[in-house]
Amino acid sequence: RKFPDAYVIELARSMLGTQLSERSQAGYRVAKVRTDSAAARAGIQRGDIVVRIGGQILTGPDEFRRAVLGLRGKYRALLVVERGGRHYPVTVSLL
């Protein structure tokens with residue numbers, strides 16, 4: 001499988017406010033950012049590639065699933081996004 005199951009995708013979308021597209025070589029590309037979302041407030045942009053969530057490198061669907069499920073009950077999440085070939089740490093408030 002190239003992408004995690006529908007439950008995890010929906011959980012990521014509701015917690016972060018992003019819609020992710022298929023996995024790229026580095027991570028998961030952000031296809032859409034809801035304007036009033038935690039991701040938008042943290043500066044995540046369409047086209048960014050999420051390469052790490054909470055210390056978990058996103059090498060495939062299983063790692064993505066573990067990382068997103070690990071966010072439940074947390075107040076914030078540290079993500080690393082790739083933009084323009086550079087990696088940036090981003091803290092997203094989940095509440």
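Preceding this section is the structure that the text describes.
Residues numbered from 1 in each chain as written. Predicted model: local features only at pLDDT ≥ 70, side-chain atom pairs only at ≥ 80, totals over all residues. Heavy atoms only, no water.

Student: Honestly, the overall build of the protein in this entry has me stumped. Any pointers?
Tutor: When helices and strands are counted, the protein shows three helices and six strands. Secondary structure elements in the protein, listed N-terminal to C-terminal, are α-β-β-α-β-β-α-β-β. Computed over C-alpha atoms, the radius of gyration of the protein comes to 12 Å, within 12% of the 12 Å expected from 2.2 N^0.38 for 95 residues, which places it in the range of a compact globule. Seen along its three principal axes, the alpha-carbon backbone of the protein occupies a region of about 30 × 30 × 20 Å. A total of 95 residues make up the protein; the buried ones form 41% of that total. Considering only contacts within the protein whose residues lie at least 6 apart along the sequence, 44% involve residues at least 24 apart. Put simply, the protein shows about 5,600 Å² of open surface, and 49% of that area lies on carbon and sulfur atoms. (Helix = DSSP H or I, 4+ residues; strand = E, 2+ residues; numbered from the N terminus. Rg over C-alpha atoms; globule rule 2.2 N^0.38 Å. Buried < 20%, exposed > 50% of the residue type's maximum accessible area, 1.4 Å probe, protein only. Contact = heavy atoms within 4.5 Å. Areas by Shrake-Rupley, 256 points an atom, 1.4 Å probe, with all protein chains shown as cover.)

Student: What should I look at first to understand the side chain of Glu63 in this one?
Tutor: Topologically, Glu63 is positioned in helix H3 (residues 61-69). Residues in contact with Glu63, not counting those within four places in the same chain, are Gln56, Ile57 and Leu58.

Student: Can you help me understand the environment of Pro89 in this one?
Tutor: When you line up the elements, Pro89 lands in strand E6 (residues 86-93). Residue Pro89 is classed as exposed on the basis of its relative accessible area, which comes to 63%. Distance in space between the C-alpha atoms of Pro89 and Leu78 is 6.8 Å, their sequence separation being eleven residues. Discounting chain neighbours no more than four positions away, the residues touching Pro89 are Leu78, Leu79 and Val80.

Student: Help me out: how do you make sense of the nonpolar core in this one?
Tutor: Nonpolar side chains in soluble globular proteins tend to end up buried together. Membership of the largest hydrophobic core comes to 24 residues, with the highest contact counts inside it found for Ile44, Val50, Ile53, Phe64, Leu79 and Val92. Looking at this core, the elements that each hand over two or more residues are helix H1 (6-16), strand E2 (28-33), helix H2 (38-42), strand E3 (49-53), H3, strand E5 (76-83) and E6. Ranked by residue count, the leading element in this core is H1, at five residues. Leu79 has contacts with Leu16, Ile44, Val50, Arg52, Ile53, Tyr88, Pro89, Val90 and Val92, leaving out every residue within four places of it along the chain. (Core = buried A, V, L, I, M, F, W, Y, C linked by side-chain atoms within 4.5 Å.)

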